[in-house]
Amino acid sequence: MALRTAALLPVGLLLLFIQGILTDRGAATLPIRLSVVNDLSNMTPKSYSSSVVEGGVLLGALRRLQETQQDFKFTVQVDPDFGLLLESVNGVSGNEHEQMYWEILSESSGEYNRLNVGIGCYTPQENEHIILKFNTWSQH
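Residues numbered from 1 in each chain as written. Predicted model: local features only at pLDDT ≥ 70, side-chain atom pairs only at ≥ 80, totals over all residues. Heavy atoms only, no water.

**Student:** What am I meant to see in the side chain of E103 here?
**Tutor:** Looking at the element boundaries, E103 is found in strand 6 (residues 100–108). You can call E103 buried: its relative accessible area is 6%. There is a polar contact of 2.7 Å between the side chain of E103 and the side chain of N135. In contact with E103, not counting residues within four places along its chain, are R114, I131, L132, K133 and N135. (Helix = DSSP H or I, 4+ residues; strand = E, 2+ residues; numbered from the N terminus. Buried < 20%, exposed > 50% of the residue type's maximum accessible area, 1.4 Å probe, protein only. Polar contact = N/O pair within 3.5 Å; in protein donor to acceptor, adjacent residues only side chain to side chain. Contact = heavy atoms within 4.5 Å.)

**Student:** Help me understand unusual backbone geometry in this model?
**Tutor:** Glycine aside, residues mostly have negative phi, and peptide bonds are mostly found in the trans state. Even without being a glycine, Q99 presents a positive backbone phi close to 60 degrees. Inspection of the secondary structure assignment puts Q99 in the loop between strand 5 (92–93) and strand 6. If you check the backbone angles, N127 has positive phi at about 65 degrees while not being a glycine. Within the fold, N127 resides in the loop between strand 7 (111–114) and strand 8 (129–136).

**Student:** Got a minute to help me understand the pattern of salt bridges in this structure?
**Tutor:** Side chains that carry opposite charge are capable of pairing whenever their charged atoms lie near each other. Overall, the coordinates contain three salt bridges when judged by the stated rule. We note a salt bridge from R33 to E107, for which the minimum N-O separation is 3.5 Å. Highlighted residues: R33 in strand 1 (residues 29–37) and E107 in strand 6, separated in sequence by 74 residues. Residue R33 is classed as partly exposed on the basis of its relative accessible area of 44%. Note on E107: relative accessible area 16%, which makes it buried. R114 is paired through a salt bridge with E103; the nearest N and O atoms lie 2.8 Å apart. Remark: E103 occurs in strand 6 and R114 occurs in strand 7; sequence separation between them is eleven residues. Assessed through its relative accessible area of 58%, R114 is described here as exposed. (Salt bridge = Lys/Arg side-chain N within 4 Å of Asp/Glu carboxyl O.)

**Student:** For this particular structure, what's the right way to read the sheet that holds strand 1?
**Tutor:** Whether parallel or antiparallel, the strands of a sheet pair through hydrogen bonds between backbone atoms. Taken together, five strands build an open sheet; the order of strands is 2-1-8-6-7 and the sheet is mixed. Strand pairing shows two members of the sheet lacking a second neighbour, strand 2 (46–53) and strand 7, which therefore form its edges. Taking each pair of neighbouring strands and ignoring which way they run, the sheet shows an average axis angle of 35 degrees. Two elements, strand 1 and strand 8, share five bridges in a ladder whose sense is parallel. Residue pairing for strand 8: S35 is matched across the bridge by I131. Along the sheet, helix 2 (residues 58–68) contacts strand 1, strand 2, strand 6 and strand 8; its crossing angle with strand 2, the most-contacted strand, is approximately 120 degrees. (Pairing = 2+ DSSP bridges. Axes fitted to C-alpha atoms, helices over the stretch in contact; angles between N-to-C directions.)

Structure below.
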């Protein structure tokens, strides 16, 4: 028993040391680019730089951007089935009756892909380009 305790002591100290390093430095942040596009209103696209904690979600990057850039604002709506939905960006709101919404895209090498999850679940990658695009949908 004494041998087992003696063997675990260095492991415990190592874990405390590593925890102290992570706490002092904090999690790494990754830069991302963000563009806001509203072709429906002929608005000039806006580009921003932000960052996300490594492993963090897009919502965190949007909040960080809103805290540091006076010309960027967004709101979310909580849907009981689908979670956080991007409701408005820079004062422009989606409208279910008019079939308008904020589409979230990721651009890489000129290819645009719609995100398959929302801002509360999507984990951006380093230097990723996220596009918030005001768009319409059609009823089927």
